[in-house]
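Listed here are the chains, written in short residue letters.
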Amino acid sequence: MTSRSKEKVAAAFRKLFRSSEKRDNDAAGPSGSPARRGLFRRHRDGVTPAETTASLPASPTGNSLSRKKTGAATDVRERAAAVRTRRLMKELKEIQRSHENRSDPVFTVELVNDNLFEWHVRLHQIDPESELAADLRELNISNILLHLVFPENFPFAPPFMRVIEPRIEKGFVMEGGAICMELLTPRGWASAYTVEAIVMQFAASVVKGQGRVARAPPRSSREFSKRRAEEAFRSLVKTHDKYGWVTPSLSDG
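What you are looking at is a predicted structure, and each value in this text was computed from that prediction instead of being measured.

Colleague: Give me the lowdown on the overall build of the chain, citing residues and values where you can.
Modeller: Broken down by element type, the chain carries 7 helices and 6 strands. For the chain, the sequential pattern of α-helices and β-strands runs α-α-α-α-β-β-α-β-β-β-α-β-α. Put simply, the chain has 253 residues, and 32% of those count as buried. Considering only contacts within the chain whose residues lie at least 6 apart along the sequence, 63% involve residues at least 24 apart. Of the accessible surface of the chain, which amounts to about 16,600 Å², a share of 54% is contributed by carbon and sulfur atoms.

Right, here's the structure in full:
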């Protein structure tokens, strides 16, 4: 090979080298760092962002989260039901035991349709010197019948209680037989209160409020219904929450 031919071959190799270097620099970007060149080489070799994402640990799906929440809510309800059942069974047994030792109990309890969470309470004794007691004797009414319904979160929430019969005027007894007593509201309730305490508070409150047995027939058949009692009770709770409890005070029921 002549010297002229050798120079042509060397020039061709230099040109080829510069072209290859330029392509590498363009692929590396402005920084020209090896890391970036590596990323571009991986991209050219077929590595995509989707592959990187797929390698990350999977997050919980919406369905699994929903199942967990549903399961937790069910557990809470079951525990609340167990607490309510144990508490009411204990109270019912204690009341029945105390009645066995007395020939003239102040009140008696019976379940409504064998439902542990719904009671009829018959109040047999109130202040004998009161006008209400005189009305009961005159009309030959042996007791005041109360209806108690215990919510799912009892004893952490109060029962709903109303008077069924006789129809009582004043005495903090409202339309439908609803009872205006602070301890029957969420604001005045404490889980330590027992059914006996509620009934005794009512016996004191109805006398202090000068309750009387109504003699005139009711103006409307709705006045002593359960629905009317619930409406009246919700209304009085809103009123007392806004303006406070003036009468009767918590100590009087």
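Colleague: Could you give me a rundown of the pairing of strand 1 (residues 107–112), with the residues and numbers involved?
Modeller: One ladder, built from 6 bridges, connects strand 1 with strand 2 (residues 115–123); its direction is antiparallel. For Leu111, the partnering residue across the bridge sits in strand 2 and is Trp119. Taken together, strand 1 and the strand that follows it, strand 2, pair antiparallel across an intervening segment of 2 residues, in which Asn113 is found at a positive phi of about 55°.

Colleague: Please set out the pairing of strand 2 residue by residue, giving values where relevant.
Modeller: Examined bridge by bridge, strand 2 and strand 3 (residues 144–149) share 6 bridges and lie antiparallel to one another. From the neighbouring strand, Glu118 faces strand 3, where its bridge partner is Val149.

Colleague: Would you mind going over helix 5 (residues 131–138) in detail, with residue names and values included?
Modeller: Those residues of helix 5 that fall on the buried side of the exposure criterion are Leu132, Ala133, Asp135 and Leu136. For helix 5, the buried positions fall inside an angular range of 155° around the axis, keeping them on one side. Across from the buried face of helix 5, at angles greater than 90 degrees, the exposed residues are Arg137 and Glu138. Packing partners of the buried residues in helix 5 comprise strand 3, helix 6 (195–208) and strand 6 (212–213). Downstream of helix 5 by one or two residues, Asn140 has phi in the positive range, about 55°.

Colleague: Describe the layout of surface pockets, naming the residues involved and giving the relevant values.
Modeller: By volume, the largest pocket is sized at about 270 Å³. Around the largest pocket, the lining is made up of 16 residues, and of these Glu94, Ile95, Ser98, Phe107 and Glu196 lie nearest the centre. When residues of the lining of the largest pocket are traced back to their parent elements, those giving at least two are helix 4 (62–100) and helix 6. Among the elements that take part in the lining of the largest pocket, helix 4 stands out by supplying 8 residues, more than any other. Residue classes in the lining of the largest pocket are distributed as 6 nonpolar, 3 polar and 7 charged.

Colleague: Describe the environment of Met89, with residues and values.
Modeller: With respect to the helices, strands and loops of the structure, Met89 is situated in helix 4. Taking the C-alpha atoms as reference, Met89 lies 9.8 Å from Phe117; in sequence the two are 28 residues apart.

Colleague: Just give me the short version of the nonpolar core, but keep the residues and values in it.
Modeller: Counting 43 residues, the largest nonpolar core has Trp119, Leu123, Ile144, Leu146, Met161 and Phe202 as the members making the most contacts within it. Where this core is concerned, the elements lending two or more residues are helix 4, strand 1, strand 2, helix 5, strand 3, strand 4 (160–165), helix 6 and helix 7 (226–243). Per element, the largest residue contribution to this core is 6 residues, and it comes from helix 6. Sequence-distant contacts of Leu123, defined by excluding residues within four places in its chain, comprise Val106, Phe107, Ser142, Asn143, Ile144, Val199, Phe202 and Ala203.

Colleague: Give me the lowdown on the sheet that holds strand 3, citing residues and values where you can.
Modeller: Here 4 strands make up an open sheet; going across it, the order is 1-2-3-4 and the pairing antiparallel. Edge strands, defined here as strands with exactly one partner in the open sheet, are strand 1 and strand 4. Across the sheet, the mean angle from the axis of one strand to that of its neighbour is 30°, orientation sign disregarded. On the sheet, helix 6 packs against strand 1, strand 2, strand 3 and strand 4 and is oriented at approximately 35° with respect to strand 2.

What counts and what doesn't
- Residues numbered from 1 in each chain as written.
- Predicted model: local features only at pLDDT ≥ 70, side-chain atom pairs only at ≥ 80, totals over all residues.
- Heavy atoms only, no water.
- Helix = DSSP H or I, 4+ residues; strand = E, 2+ residues; numbered from the N terminus.
- Buried < 20%, exposed > 50% of the residue type's maximum accessible area, 1.4 Å probe, protein only.
- Contact = heavy atoms within 4.5 Å.
- Areas by Shrake-Rupley, 256 points an atom, 1.4 Å probe, with all protein chains shown as cover.
- Pairing = 2+ DSSP bridges.
- Arc of directions from axis to C-beta.
- 1 Å grid on protein atoms, 1.4 Å probe; cavity = no way out; pocket = protein on both sides within 12 Å on 5 of 7 lines; lining within 4 Å.
- Points joined across faces, edges and corners; volume = space filled by probe spheres on them.
- Nonpolar A, V, L, I, M, F, W, Y, C, P; charged D, E, K, R; others polar.
- Core = buried A, V, L, I, M, F, W, Y, C linked by side-chain atoms within 4.5 Å.
- Axes fitted to C-alpha atoms, helices over the stretch in contact; angles between N-to-C directions.

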